[in-house]
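Observations on the model geometry
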Amino acid sequence: MKSVNLIERKKHGTPDFPCALYMVEPMHPEYVLSAHWHREYEICWIREGVLHTTVDSHKLDAGPNDLVFIPSGALHVNYPEDCIYDCLVFDFNILLGCTEKTDEYLLPISNNTSRVSYLIHGDQFGISNLFYTLCRTMIERPCAYELTIVSSLMDLFCRLIRGKYTTTVSPKAVRENLALERLMQVFSYIDEHIDSPITLNEMAQTASLSPKYFCEYFRTATGMSPIKYVNNKKIGVARQLLARPGCSVTEAALSVGFSDTSYFIKLFRQITGVSPKTYSISFQQKNNLTL
């Protein structure tokens with residue numbers, strides 16, 4: 001089973017139309033997204049910069065107008081570089097049940113027996129323009145916008161199928177996904193001990209692997225070293241804390257296991273490009289402007 005600690009519990013959209021759009025930019029509290037999975041399908045469209053992402057051990061570098069397709073249940077990590085991107089997250093069931101014939105094409109994608117290429121360049125058969133229009137519809141929400149979203153997604157997957165950008169999932173891919181289950185225990189351990197120092201040996205023991213092999217295995221699956229992942233995870237949680245009014249830098253540091261505030265500030269600046277205090281002030285000012 002998947003680790004419950006890695007499941008993203010956020011409700012996307014509404015119960016009667018589970019589809020939501022998020023714009024992710026450097027000030028976003030979850031700008032650097034640690035390893036997680038969710039039952040919804042996700043499509044990321046890159047506006048600016050580069051999105052370094054790993055989807056079920058596949059390392060990808062997506063640039064402007066590229067789209068990243070993340071299947072339901074896929075373990076993925078996002079590490080943006082001066083990047084702004086949109087994420088459309090939706091329950092694939094909104095596309096099913098039209099007719100038996102349309103389900104014949106879409107059910108294999110929904111149940112992961114067929115998979116869309118993880119990375120597709122946006123200039124291919126006009127999907128970048130199509131996705132841009134889809135995003136505008138999600139933002140403006142005109143009357144009956146839900147019908148436009150469903151028809152646009154149908155059009156998108158039609159173009160992908162016609163362009164032969166879907167492939168049957170091989171037994172090897174299934175085995176690789178099962179192998180990722182070993183890491184789930186490690187991610188759970190990190191989540192449960194985010195307020196404490198976490199060592200390489202502790203993570204390796206949790207995975208029942210030697211530290212050397214564990215490092216290689218972890219890097220292959222996530223695209224980064226275990227220690228870098230832990231630091232990014234801690235700073236990501238700290239960003240969410242600092243986005244709350246009244247949270248001090250010292251409080252945020254202690255909450256993610258740093259007793260040395262100076263080192264926390266140094267690491268925060270190294271990962272985000274700004275100091276924790278500057279981030280907190282800037283986020284609050286931006287939030288006040290949007291109220």
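Residues numbered from 1 in each chain as written. Predicted model: local features only at pLDDT ≥ 70, side-chain atom pairs only at ≥ 80, totals over all residues. Heavy atoms only, no water.

1. Observations regarding the pattern of salt bridges
Opposite charge on two side chains permits them to pair, given that their charged atoms come into close proximity. Rules: We define a salt bridge as a side-chain nitrogen of Lys or Arg found within 4 Å of a carboxyl oxygen belonging to Asp or Glu. Comment: elements are numbered from the N terminus, with helices defined as DSSP H or I runs of at least four residues and strands as E runs of at least two. Type-normalised accessible area, obtained with a 1.4 Å probe on protein chains alone, sets the label of each residue: buried when under 20%, exposed when over 50%, and partly exposed for intermediate values.
Under the counting rule described, the total for this entry stands at five salt bridges. For the salt bridge of Glu-104 with Lys-101, the shortest nitrogen-to-oxygen distance reads 3.2 Å. A residue pair is termed a helical-turn pair when its members lie 3 or 4 positions apart in one helix, as Glu-104 and Lys-101 do in helix 1 (residues 100-110) at three residues. Note on Glu-104: relative accessible area 49%, which makes it partly exposed.

2. A short note on unusual backbone geometry
Unusually for a residue other than glycine, Asn-112 sits at a positive phi of about 70°. Mapped onto the elements, Asn-112 comes out in the loop between helix 1 and strand 7 (114-116). Assessed through its relative accessible area of 22%, Asn-112 is described here as partly exposed. The backbone of Ser-208 shows a phi angle near 60°, a positive value even though the residue is not glycine.

3. A short note on helix 7 (residues 211-222)
Our working rule: Expected helix span is given by 1.5 Å per residue-to-residue step, counting one fewer step than there are residues. As used here, the arc belongs to the directions running from the helix axis to the C-beta atoms.
Compared with the 16 Å implied by 1.5 Å per residue over 12 residues, the 16 Å span of helix 7 between its first and last C-alpha is a close match. Listing the buried residues of helix 7 in full gives Phe-214, Tyr-217, Phe-218, Ala-221 and Thr-222. Considered in projection along helix 7, the buried side chains sweep an arc of 110° and stay on one side of the axis. After helix 7 finishes, the residue Gly-223 shows a positive phi value of roughly 85°.

4. Here's the deal with the pairing of strand 5 (residues 67-70)
Rule in force here: Strand pairing follows a simple DSSP-based rule, namely that at least 2 bridges must link the two strands.
Burial along strand 5 is two-sided: Leu-67 and Phe-69 and Val-68 and Ile-70, pointing in opposite directions, are all buried. Taken together, the four bridges between strand 3 (residues 41-55) and strand 5 define a ladder with antiparallel strand orientation. Opposite Cys-44, over in strand 5, you have Val-68 as the bridge partner. Both strand 5 and strand 8 (residues 119-120) contribute to a ladder of two bridges, which runs antiparallel. Across the sheet, Val-68 pairs through a bridge with Leu-119, a residue of strand 8.

5. Overview of the nonpolar core
Rules: For the purposes of this section, nonpolar cores are sets of buried Ala, Val, Leu, Ile, Met, Phe, Trp, Tyr and Cys residues that join through side-chain atoms within 4.5 Å. Note on definitions: a residue-residue contact is assigned when non-hydrogen atoms from the two residues lie within 4.5 Å.
Ranked by size, the top nonpolar core spans 29 residues in total, and within it Tyr-41, Ile-43, Phe-69, Phe-90, Leu-95, Leu-153 and Phe-157 carry the most contacts. Where this core is concerned, the elements lending two or more residues are strand 3, strand 5, strand 6 (76-90), helix 1, helix 2 (127-140) and helix 3 (145-162). Residue contributions to this core peak at seven residues, all from helix 3. With near-sequence residues (within four places) excluded, Leu-153 lies in contact with Ile-43, Leu-88, Phe-90, Ile-94, Leu-95 and Leu-134. Within the second largest apolar cluster, 22 residues are counted, among which are Ala-35, Leu-183, Tyr-189 and Tyr-217.

6. A closer look at the state of the cysteines
What we call a disulfide is simply a covalent bond connecting the sulfur atoms of a pair of cysteines. Stated precisely, the cut-off is as follows: Our working definition of a disulfide is a cysteine sulfur pair at a distance within 2.5 Å.
For the structure on display, the rule yields zero disulfides. No disulfide involves Cys-98; its nearest neighbouring cysteine sulfur is the one of Cys-158, lying 13 Å away. Given the relative accessible area of 56%, Cys-98 is considered exposed. Given the relative accessible area of 27%, Cys-158 is considered partly exposed.

7. A closer look at the packing of helix 1 against helix 3
Defined as follows: Orientation is described by lines fitted to C-alpha atoms, with helices fitted over the stretch in contact, and by angles between N-to-C directions that extend from 0 to 180 degrees. Any angle that is under 35 degrees is reported as roughly parallel, and any over 145 degrees as roughly antiparallel; angles of 65 to 115 degrees are reported as roughly perpendicular and all others as oblique. Ten residue types, Ala, Val, Leu, Ile, Met, Phe, Trp, Tyr, Cys and Pro, are classed as nonpolar, four, Asp, Glu, Lys and Arg, as charged, and the remainder, Gly among them, as polar.
Relative to each other, helix 1 and helix 3 sit at 85°, their axes nearing to 11 Å. When the axis of helix 1 is compared with that of helix 3, the two are roughly perpendicular. Every residue of helix 3 that contacts helix 1 at Tyr-105, Leu-106 and Ile-109 is listed here: Met-154, Phe-157 and Ile-161. Taken together, the residues of the contact of helix 1 with helix 3 sort by class into six nonpolar, no polar and no charged.

8. Points about the environment of Gln-240
With respect to the helices, strands and loops of the structure, Gln-240 is situated in helix 8 (residues 226-242). When the C-alpha positions of Gln-240 and Glu-30 are compared, they lie 7.2 Å apart, and in sequence the two are 210 residues distant. Among all residues touching Gln-240, those that are not within four sequence positions of it are Pro-29 and Glu-30.

9. Focus on the pairing of strand 3
Remark: a regular strand shows side chains that alternate across the two faces of the sheet. Relative to strand 6, strand 3 runs antiparallel, the two being bridged by 13 bridges. Of the residues in strand 6, the one forming a bridge with Cys-44 is Cys-87. Summarising the sheet, strand 3 and strand 4 (residues 58-62) pair through five bridges and their orientation is antiparallel. Note on strand 4: the bridge partner recorded for Val-55 is His-58. Here strand 3 hands over to strand 4 after two residues, with Asp-56 in that stretch at a positive phi of 45°.

Structural measurements only, silent on function.
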